[in-house]
Amino acid sequence: MTLNDISIRLAGASDAEALHDMLLTLADHTGNRHKVTATPESLRKYGFGDRPAFATFFAELYGEPVGFCTFIYRFSTWRGEPGVAVQDIYVSDKVRGLGVGRALLAQVIRFGLADGCTHLRLNVDTENTTARGFYEKLGFTEQPDEHTHMLTDEAFEALIQAG
């Protein structure tokens, strides 16, 4: 089997179950399944509705999903340019090492270029040294002057009430 046996396509609403299954597999791989609250229904609603909040490319081996990459558009006010941000990327062990991850990222970049995007960003779990090494090999650079922060649950609600 080679990369030529893999096809990459933009996912649609009918792919919500398969996307959810692969998200759970990714979460299991990173030890974070307890953090996944998405459902196939929420993925279908927010990813494939009138105003999609994200897009997904699927990698398939003879019609079977073996990888995916979800991404969103973003805008860098400092750069003054649009870009894309990878939310999640996963490649099945059965095709890992064939270049599927690289091909998915390249497809996301090509998709973004059509809308004027000039850069790609992604976050990596600090403990995922394999992924970090993969991204560095592709030319990604860690941004030591930035840290991701998130507001959720009670703190999210409290800011709304206070604001």
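It should be noted that the structure appears before, not after, this text.
Residues numbered from 1 in each chain as written. Predicted model: local features only at pLDDT ≥ 70, side-chain atom pairs only at ≥ 80, totals over all residues. Heavy atoms only, no water.

1. As for the pattern of salt bridges
Quick reminder of the rule: The salt bridge definition used is simple: a Lys or Arg side-chain nitrogen within 4 Å of an Asp or Glu carboxyl oxygen. The cut-offs for exposure are 20% and 50% of the maximum accessible area for each residue type, with area from a 1.4 Å probe on protein chains only; residues under the lower value are buried, those over the upper are exposed, and the others partly exposed.
For the structure shown, the criterion picks out eight salt bridges. Close ionic contact of Arg33 with Asp28 constitutes a salt bridge, the shortest N to O distance being 2.8 Å. For Arg33, a relative accessible area of 42% gives the class partly exposed. Between Arg96 and Asp93 there is a salt bridge, with its nearest N and O atoms 2.9 Å apart. Owing to a relative accessible area of 40%, Arg96 belongs among the partly exposed residues under this scheme. Among the charged side chains, a network of salt bridges with common partners joins Arg9, Asp15 and Glu60.

2. Structural notes on a nonpolar patch on the surface
Basically, it comes down to this: The patch calculation keeps residues exceeding 30% relative accessible area without a salt bridge and links them within 9 Å when they carry like charges or within 5 Å when they are nonpolar (Val, Leu, Ile, Met, Phe, Trp, Tyr). Method for areas: the Shrake-Rupley scheme with a 1.4 Å probe, in which residue coverage is limited to the protein chains shown. Secondary structure is summarised from DSSP: a helix means a run of H or I of at least four residues, a strand means a run of E of at least two, and numbering begins at the N terminus for each.
A surface patch of nonpolar side chains, about 380 Å² in accessible area, is lined by Leu151, Phe156, Leu159 and Ile160. Tracing the backbone shows Leu159 in helix 5 (residues 153–162).

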